[in-house]
Amino acid sequence: MATVKPFPAAANSSYKDYERPVAIYQKSKVVDFAECAALKGSALAQNDVIEVIPAKAGEVCVGLYSKILVADAGASTCDIGVTGDDADGFTNALALNGTAGTVTYSTGAYMLNTTGPVLIGGKSFATADTIDLVIDSATAPTTGRIEIVALFINYNE
């Protein structure tokens, strides 16, 4: 049995050593449900999809959290995920009428960690897509505002 040691990389190697800076960057969006209803042209309803954060091919969302800015008046909930893949892959049944300032860390199937904001797991985007908020409850939000914050790396850079 032979042991091959490919590091440190030779000067002409196509495969560089392990250490290279990886930038983690943030994309965020405030979702105003009254504004979304106006854009739709009618009241929001159960199963409506709001495209919140665009993702480019080659990006990996390694963390996501939401923050209630203004509580919704009704008992509405939403899912956060990728429609067509896993609509609640980040967050399932988030209560939109929670206390303003409440932060909820993603613990859905895309995230392997279920206890807090540790960067484990993630959703890889092979093609461009969006992170979506889907109205989960029969009572749709009308007045609230929520901020969605996603942390990304790009494996093409």
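The structure this text deals with has already been given above.
Conventions adopted
- Residues numbered from 1 in each chain as written.
- Predicted model: local features only at pLDDT ≥ 70, side-chain atom pairs only at ≥ 80, totals over all residues.
- Heavy atoms only, no water.
- Helix = DSSP H or I, 4+ residues; strand = E, 2+ residues; numbered from the N terminus.
- Buried < 20%, exposed > 50% of the residue type's maximum accessible area, 1.4 Å probe, protein only.
- Contact = heavy atoms within 4.5 Å.
- Areas by Shrake-Rupley, 256 points an atom, 1.4 Å probe, with all protein chains shown as cover.
- Salt bridge = Lys/Arg side-chain N within 4 Å of Asp/Glu carboxyl O.
- Pairing = 2+ DSSP bridges.

Student: Would you take a moment to explain the overall build of the protein for this structure?
Tutor: The helix and strand inventory of the protein stands at 1 helix and 9 strands. Helices and strands in the protein line up, N terminus first, as β-α-β-β-β-β-β-β-β-β. The burial tally for the protein puts 36% of its 157 residues in the buried class. Intrachain contacts of the protein at a sequence separation of at least 6 include 75% that bridge at least 24 residues. Put simply, the protein shows about 9,000 Å² of open surface, and 55% of that area lies on carbon and sulfur atoms.

Student: Please clarify how the pattern of salt bridges should be interpreted in this entry.
Tutor: Any two side chains of opposite charge can pair if their charged atoms end up close together. Counted under the stated rule, the structure contains 3 salt bridges. Across the salt bridge formed by Lys 40 and Asp 48, the nearest N and O atoms sit 2.6 Å from each other. In this structure Lys 40 comes out as partly exposed when scored by relative accessible area, which is 40%. For Lys 123, the salt bridge is made with Asp 85, and the minimal N-O distance between the two is 2.9 Å. Taken as a pair, Lys 123 in strand 7 (residues 123-124) and Asp 85 in the loop between strand 4 (77-82) and strand 5 (86-95) lie far apart in primary sequence, 38 residues in all. Accessibility expressed as a relative area gives 14% for Lys 123, which makes it buried.

Student: In this structure, what is going on with unusual backbone geometry? I would like to understand it.
Tutor: Residues other than glycine predominantly adopt negative phi, and peptide bonds predominantly adopt the trans conformation. One non-glycine residue with positive phi stands out, namely Asn 47, at about 75°. With respect to the element layout, Asn 47 can be found in the loop between helix 1 (33-40) and strand 2 (49-55). Positive phi outside glycine occurs at Ala 93, with the angle close to 55°. By secondary structure assignment, the location of Ala 93 is in strand 5.

Student: Teacher, can you tell me more about the pairing of strand 5 here?
Tutor: The side chains of a regular strand alternate, residue by residue, between the two faces of the sheet. Sheet analysis places strand 4 next to strand 5, joined by 4 bridges and oriented antiparallel. Bridge pairing in strand 5 places Ile 80 opposite Thr 91. Between strand 4 and strand 5, which pair antiparallel and follow one another directly, the connecting turn spans 3 residues, one of which, Gly 84, has a positive phi of 90°.

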